[in-house]
Amino acid sequence: MNEQPAATKHGLAAGLSPTRADWTIDQGWKNYTPQEHATWKTLFERQTALLPQLACREFVEGMRALPLSAEAIPEFAALNEVLKPRTGWQIVAVPGLVPDEVFFDHLANRRFPSGNFIRSADQLDYLQEPDVFHDVFGHVPMLMHPVMADFIQLYGEAGLRAQRIGKLTELARVYWYTVEFGLVKEKVQGEAGVEDALRIYGAGIASSFTESVFSVQSPSPHRIGFDLERVMRTNYRIDDFQECYFVLDSLDDLLALARIDFDPIYERLKSGSNYAPEDVLASDTVFQRGDGSYVRAQALAAA
Ligand code: HBI
Ligand code: FE
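Once a new chain begins, its residue numbering starts again from 1 and follows that chain's sequence as written. The lettering of chains begins at A and the numbering of ligands begins at 1, in the order of writing. With pLDDT at 70 or above as the cut-off, local features in this predicted model cover only qualifying residues; side-chain atom pairs require 80 or more to be listed or tallied, and sums for whole chains, interfaces and linings still use all residues. Processing note: side-chain calculations cover all non-hydrogen atoms of the structure and skip hydrogens and water entirely.

Caption draft 1: Examining the site of ligand 1 more closely. We define proximity as follows: a residue is near a molecule or strand when any one of its heavy atoms falls within 4 Å of that partner. Taken together, 10 residues lie around ligand 1, and Gly96, Leu97, Val98, Asp100 and Phe103 are the ones closest in. Take Val98: an N or O atom from its main chain is 2.7 Å from a nitrogen atom of ligand 1. Note that an oxygen atom of ligand 1 is positioned 3.0 Å from one of the side-chain N or O atoms of Asp100. The protein chains shown are the only cover counted for residues, whose accessible areas, like all others here, come from Shrake-Rupley with a 1.4 Å probe. Its free accessible area being 400 Å², ligand 1 has 94% of it covered by the protein chains. Grouping the amino acids of the shell around ligand 1 by side-chain chemistry returns 8 nonpolar, 1 polar and 1 charged. Side-chain atoms alone can form a polar contact between residues adjacent in sequence; in general such a contact is a pair of N or O atoms within 3.5 Å, and within protein one must be able to donate a hydrogen while the other accepts it. Residues are grouped as follows: Ala, Val, Leu, Ile, Met, Phe, Trp, Tyr, Cys and Pro are nonpolar; Asp, Glu, Lys and Arg are charged; every other residue, Gly included, is polar.

Here it is as structure tokens:
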């Protein structure tokens, strides 16, 4: 997601500026058309069929505990009745991407800004900016989990500081490779007994039909053990599937991560290298070394 605050198709580009300083708007639930509810239904049914096999238990439990259904785009007020008592978070409606400092200020106060609009029916798998399906279906199940609830709040606080001192590029990689595209190790019952599997907890994956399968099952991407400094040196792409996913041993690892003082790390990051998503380092814990087959096929198709 880029840093442009303009929500091109949903009001702001029409020359409107936000009427509230925090950029929130009313969800305007009554304004959704039958077609828009139908788009939600398509997306919802696809993901609820896939995720019990691919997402971590905490995601699936959060999803099931929320008043979500295929029938209609949910009302934020109804979700908040369950979410707020659980972890103190609430969803607020915004028209699309909001400026970084507005975004971080919401997170630091346990308000999750969600786009109120939904993608158009002919762009089910392509998203320029986060819509209500990504924000609600992708993010809110994990906000039901106390560890993620604390982590994202502290990320909001860290974001405000990173922005002041010019370190947002480095910090944003942490959010990207956890909250948006994170995988986590999980014990599952396999044919030969209990084994480790990699499962989705990142919202960018969980809300994507194609990437939810790709992230866990494709031979193409690397899957590498999460290491904070390594992640903060790694660029990411915003226009296609990730070529590298970072894997937590446990969601509880986010607790320690949330309490870290980033300042000494920013200092260390001033020297040494940055990495591309396709790089694998000798120091990496490699769960799977990707064969890059997807990226090569894309390059061929483009040539
Ligand atoms: N605004 N609504 C919304 N959602 C986001 O995920 C978002 C944003 N503004 C800025 C932003 N993300 C990122 O650029 C920061 O995480 C760095
Ligand atoms: Fe997101």
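That was the structure; now back to the text.
Caption draft 2: Inspection of the pattern of salt bridges at higher detail. Put simply, a salt bridge is a Lys or Arg side-chain nitrogen that is within 4 Å of an Asp or Glu carboxyl oxygen. Per the counting criterion, the structure on display carries 17 salt bridges. Of the charged contacts in the structure, one is a salt bridge between Arg237 and Asp239, with a shortest N-O distance of 3.2 Å. Buried means the residue's accessible area, taken with a 1.4 Å probe over protein chains only, is under 20% of the maximum for its type, while exposed means over 50%, and partly exposed covers the values in between. Residue Asp239 is classed as exposed on the basis of its relative accessible area, which comes to 59%. Between Glu267 and Lys270 there is a salt bridge whose closest N-O contact spans 2.9 Å. Salt bridges here are not isolated pairs; linked through shared partners, they connect Lys41, Glu45 and Glu71.

Caption draft 3: The arrangement of the coordination of the iron ion (ligand 2) in detail. The iron ion (ligand 2) binds to the protein through His134 (NE2), His139 (NE2) and Glu180 (OE), with metal-donor distances spanning 2.0 to 2.1 Å. Read in sequence order, the donor residues for the iron ion (ligand 2) give the motif H-x4-H-x40-E. One end of the pair, His134, is in helix α5 (residues 132–143); the other, Glu180, is in helix α7 (residues 168–180), and 46 residues separate them in sequence. Each metal's donors are the N, O and S atoms within 2.8 Å of it, or within 3.2 Å when it is Na, K or Ca, and because water is not part of the set, sites may look incomplete. Helix and strand labels come from DSSP, where a helix needs a run of H or I of at least four residues and a strand needs a run of E of at least two; each type is numbered from the N terminus.

Caption draft 4: Broad picture of the sheet that holds strand β6 (residues 244–248). The sheet built from 5 strands is open, its strands ordered β4-β3-β6-β5-β7 with mixed pairing. Two strands bound the open sheet, and with one partner strand each, they are β4 (193–200) and β7 (286–288). Averaged over neighbouring strand pairs, the angle between their axes works out to 40 degrees when direction is ignored. A pair of strands counts as paired when DSSP detects no fewer than two bridges linking them. Sheet topology note: the strand β3 (residues 183–190)/β4 ladder contains 8 bridges and is antiparallel. Within β4, the residue paired with Gly190 across the bridge is Gly193. Axes here mean lines fitted to C-alpha atoms, for a helix over just the part in contact, with angles spanning 0 to 180 degrees between N-to-C directions.

Caption draft 5: The side chain of Asp284, seen in detail. With respect to the secondary-structure elements, Asp284 resides in the loop between α12 (262–269) and β7. Among the residues examined, Asp284 registers a relative accessible area of 13% and is labelled buried. In terms of polar contacts, Asp284 uses its side chain to reach the side chain of Arg230, at 2.8 Å.

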